[in-house]
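Remarks on the overall topology
Single-letter residue listing:
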Amino acid sequence: MVNTKITELEKLEELISDYQKEVDIKKKHVAYLRLIEETLKLVKKIVASFYPLPNTITKDDLIQVGAVGVLKAIESYKKEERGSFKTYVSKVIKGKIFHYLRDKANLVKTPRETLANMSKVREAIDLLSENHTKIPTVEEVARFVNLPFEKVDEIMNIELIKNMVSLDQNVY
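The structure displayed is predicted, hence computed values, not measured ones.

**Details of the side chain of glutamate 38**
One can find glutamate 38 in helix α2 (residues 25-48). Not counting chain neighbours up to four residues away, the residues in contact with glutamate 38 comprise Lys11, Leu12 and Leu15.

**Digging into the nonpolar core**
By size, the foremost hydrophobic cluster in this structure holds 27 residues, and its most contacted members are Leu35, Ile74, Phe85, Ile93 and Ile97. Mapped by element, the contributors of at least two residues to this core are α1 (8-21), α2, α3 (59-76) and α5 (85-105). With eight residues, the single largest contributor to this core is α2. Setting aside residues up to four positions removed in sequence, leucine 35 forms contacts with Leu12, Leu15, Ile16, Tyr19, Ile74 and Phe85. Met118, Val141, Ala142 and Val145 belong to the second-largest nonpolar core, a separate cluster that totals 12 residues.

**Let's talk about α2**
The end-to-end C-alpha distance of α2 is 35 Å, a good match for the 34 Å that 24 residues give at a rise of 1.5 Å each. Of all the residues in α2, the buried ones are Ala31, Tyr32, Leu35, Ile36, Glu38, Thr39, Leu42, Val43, Ile46 and Val47. One side-chain oxygen at the N-terminal end of α2 lies 3.3 Å from the backbone nitrogen of lysine 26; it belongs to aspartate 24.

**Some remarks on the environment of leucine 33**
Position of leucine 33 among the secondary structure elements: in helix α2. Exposure remark for leucine 33: the relative accessible area of 44% places this residue in the partly exposed category. Sequence separation of leucine 33 and leucine 15 is 18 residues, and the distance between their C-alpha atoms is 9.9 Å.

**So, the environment of glutamate 22**
Mapped onto the elements, glutamate 22 comes out in the loop between α1 and α2. Sequence separation between glutamate 22 and tyrosine 32 is 10 residues; the distance between their C-alpha atoms is 9.9 Å. Those residues in contact with glutamate 22, other than ones at most four positions away along the chain, are Lys27 and Lys28. Here aspartate 24 takes part through its backbone nitrogen, which lies 3.4 Å from a polar atom of the side chain of glutamate 22.

Reading the values: the criteria
- Residues numbered from 1 in each chain as written.
- Predicted model: local features only at pLDDT ≥ 70, side-chain atom pairs only at ≥ 80, totals over all residues.
- Heavy atoms only, no water.
- Helix = DSSP H or I, 4+ residues; strand = E, 2+ residues; numbered from the N terminus.
- Contact = heavy atoms within 4.5 Å.
- Core = buried A, V, L, I, M, F, W, Y, C linked by side-chain atoms within 4.5 Å.
- Buried < 20%, exposed > 50% of the residue type's maximum accessible area, 1.4 Å probe, protein only.
- Expected span 1.5 Å × (residues − 1).
- Polar contact = N/O pair within 3.5 Å; in protein donor to acceptor, adjacent residues only side chain to side chain.

As structure tokens, then:
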């Protein structure tokens with residue numbers, strides 16, 4: 001008995017090939033829909049690997065973002081340049097999801113000016129620390145970087161919040 005089951009990879013390769021070769025508009029649209037339907041299974045698998053999610057983001061949100069990645073991948077895929085369609089579409093889906101999470105997971109955006117000053121403050125703290133045994137005060141850092149006390153205090157608080165670890169969090 002011959003095993004005729006087609007693997008997911010082979011199926012996606014066949015569907016993308018059919019879509020790209022088709023010249024009849026209606027048949028091409030049908031091939032496009034079949035390709036999207038099949039690739040959405042891959043999106044759901046990829047989304048399942050993103051755990052835990054922030055409370056503000058649902059799996060349905062990520063599936064929608066992944067579906068947008070699928071559409072982009074289908075239109076930009078060229079076999080001779082990209083290799084396997086499954087590998088390419090997986091990278092595009094993950095990239096879209098990571099981009100979405102990066103933008104949406106932080107509900108409060110740090111102002112651009114503050115981001116620019118963060119590196120100055122970090123460098124000042126490193127230089128002013130005595131053999132990394134004493135943390136300089138906000139006033140010392142503010143004088144060193146020539147910024148107002150309030151701005152330096154805000155930047156140092158942002159850094160503290162970023163590095164905060166929950167007592168319930170597993171540390172590996």
